[in-house]
Amino acid sequence: MKVKVRILDMYSGRYSIFINEKEAKKAKLHPDDLVKLEAGKKTVYGSVVISNLIKEGEIGVSKDILQLHNFSDGEIVTVVPGGTPESVRYIKKKMMGEKLRKVEIDAIIKDIVDRKLRDIEISSFVTSLEINGLDMDEIAALTIAMAETGDMLDIDRKPIMDVHSIGGVPGNKTNILVVPIVAAAGLTIPKTSSRAITSAAGTADVVEVFAEVSFSLDEIKRIVEKIGACLVWGGALNLAPADDITIKSERALSIDPTGLMLASIMSKKYAMGSQYVLIDIPTGKGVKVGTVDEARSLARDFIELGKRLGQYVEVAITYGGQPIGHTVGPALEAREALQALMTGKGPGSLIEKATGLAGILLEMGGVAPAGMGKKMAREILESGKAYQKMREIIEEQGGNPDIKPDDILIGAKTYTFTAPTSGYITSIDNKAITGIARAAGAPEDKGAGIELYVKVGEKVKEGDPLFTIYAESEVRLDQAIVFARRAEPIRIEGMVLQRIGNI
Ligand SMILES: O=P(O)(O)OC[C@H]1O[C@H](OP(=O)(O)O)[C@H](O)[C@@H]1O
Ligand SMILES: Nc1ccnc(=O)[nH]1
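What you are looking at is a predicted structure, and each value in this text was computed from that prediction instead of being measured.

(A) Structural view of the side chain of T188. With respect to the helices and strands, the residue T188 is situated in the loop between α7 (175-184) and β8 (189-193). A polar side-chain atom of T188 sits 3.3 Å from a polar atom in the side chain of R157. Apart from residues no more than four positions distant in its own chain, T188 is found in contact with I155, R157, P159, I160, M161, V224 and G228.

In structure tokens form, the structure reads like this:
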């Protein structure tokens, strides 16, 4: 079918092709069918939306499609049914629990990147990985396929260090301190981050509060070769492009299948050319990894995968039993991270974790003697050298290097929960904290989130403030309050936990 293109001034978050009802009937096309647009040598895939707002002889393309190819209004293109990609059969193999061959994994990832697979098929693939998992051969094939379907960066400044958390713990702004500490020591660390997957703020969401995070590979190469570091969003680059597409499904389902997580992280590290990689595995109740034994098993997988990719990997198993620092949510976390960099001081959990991870990287990079890395990292932080490096990163990434924590806007709608009884804080529920912050609007609403006034082990009196919810609208604040009342994220107990009698 040859038709004229009409550019529609709209984004739908999907690759939609709008077709007139009569045209669709003639072409035997139905809603959500896959279609292929052919314009010269360029082929683009999209999903059918039937609409009589579009005339016969035309098709409407949303601005999402223009991200794939810059069609011009009035251009003549050919539309043909896209059929069902062979990779759908391979997804069903994994749904049945079968092992996938490399060629099948390559086909799935290529069809994801070429947008030949629709949201429903991608979500089915992600769900099948959650249920049936992947072995190391499949994970290695997936990692390389994800990296090689995108661009690869070649940075001259060697050695190239990298750090990445598997995430899952609220308030994990740690690497926003680690990166400038390591770079201030003269090492090269081109950090890529994803946006939130299961948390209320991914590192890319937090950094975006005070700097740009979307850059081309050439821009990143320029920044990193100039100042030795960056803090950017992996999804903006054509780095492992399948990663950000599958993350959208993970975020919707709030899951992060282990095999896909390994490939998601290491494909970005591989594409960046990172030679020495430190992986942070937060461990504890309410995060992705519950026990140290599980963490050690996952650590072995990361190290094995690194060997297959030619990368040296070390793993830090870190405490993840409660939020890191006192803030959860992009703007609140940005404030806390900036304050810690400016003063060298901050919540013990944040400073301890950041200097611990940075210290390991300084030792891996050969600039600190064995066992002295953490001390060196703390000196770099407390001396202000890390803050100076962060100013360089912010400036090179288009932000205001003079930004102060109070310049960062946070939600104006607030509500504070207080202690219903006196006692000791015996637990803070990570998942509940994340749920409250997301109900308040994070990470999409940058100013939404939570500020904690207590941590596990501290003593409170009845009426003491426990946490404040921040939101950018009354509606979101009310939703978060209802969620918090139901979830009761903070447990307060006395020394007498229970009284048992007459049983
Ligand atoms: O906590 P959730 O959202 O599941 O995981 C996603 C977060 O974990 C990683 O953190 P970092 O970039 O290494 O600091 C990702 O980049 C992302 O920010
Ligand atoms: N699945 C993932 C978890 C954390 N970071 C990533 O980039 N991907």
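(B) Layout of the packing of helix α4 (residues 102-113) against helix α10 (residues 241-253). Viewed as axis vectors pointing N to C, α4 and α10 meet at an angle of 80°, and their least axial separation amounts to 9 Å. With respect to their mutual orientation, α4 and α10 come out roughly perpendicular. Packed against α4, whose contacting residues are I109, I112 and V113, the element α10 presents P241, A242, I245 and T246 at the interface. Of the residues in the contact of α4 with α10, the class split is 6 nonpolar, 1 polar and no charged.

(C) Focus on the sheet that holds strand β18 (residues 490-493). Within the open sheet, the 3 strands sit side by side as β16-β14-β18. Their pairing is antiparallel. Sheet topology places β16 (459-460) and β18 at the edges, where each strand pairs with a single neighbour.

(D) Molecular detail of the site of ligand 2. Taken together, H164, S165, I166, S194, I197, D256, M261, S264, I265, K268 and K288 make up the full set of residues adjacent to ligand 2. One nitrogen or oxygen atom from the side chain of S264 is found 2.7 Å from a nitrogen atom belonging to ligand 2. K268 places a polar side-chain atom, nitrogen or oxygen, 2.6 Å from an oxygen atom of ligand 2. Broken down by secondary-structure element, the contributors of at least two residues to the shell around ligand 2 are β7 (161-165) and α11 (258-271). It is α11 that contributes the most residues to the shell around ligand 2, 4 residues altogether. Taken together, the residues of the shell around ligand 2 break down into 4 nonpolar, 4 polar and 3 charged.

The rules we used
- Residues take numbers from 1 onward in each chain, read along the sequence in its written order.
- As they are written, the chains are lettered A onward and the ligands numbered 1 onward, keeping that order.
- Under the rules for a predicted model, residues below a pLDDT of 70 receive no local features and side-chain atom pairs below 80 are neither given nor counted, while totals for whole chains, interfaces and linings still include all residues.
- Side-chain calculation: all heavy atoms of the structure are included, whereas hydrogens and water are not.
- Helix and strand assignments follow DSSP, with helices taken as H or I runs no shorter than four residues and strands as E runs no shorter than two, numbered in order from the N terminus.
- Definition of a polar contact: a pair of N or O atoms within 3.5 Å, with one able to donate and the other able to accept a hydrogen when the atoms are protein atoms, and with sequence-neighbouring residues admitted only if both atoms are side-chain atoms.
- Should any heavy atoms of two residues lie within 4.5 Å, those residues are considered in contact.
- The axes used here are C-alpha line fits, helices contributing only the stretch in contact, and every angle between their N-to-C directions lies in the interval 0 to 180 degrees.
- The cut-offs work like this: below 35 degrees is roughly parallel, past 145 is roughly antiparallel, 65 to 115 is roughly perpendicular, and the gaps in between are oblique.
- Residue classes follow a fixed rule: Ala, Val, Leu, Ile, Met, Phe, Trp, Tyr, Cys and Pro count as nonpolar, while Asp, Glu, Lys and Arg count as charged, and any other residue, Gly among them, counts as polar.
- Strand pairing is assigned whenever DSSP detects at least two bridges linking the two strands.
- Any residue with a heavy atom lying within 4 Å of a molecule or strand is counted as near it.

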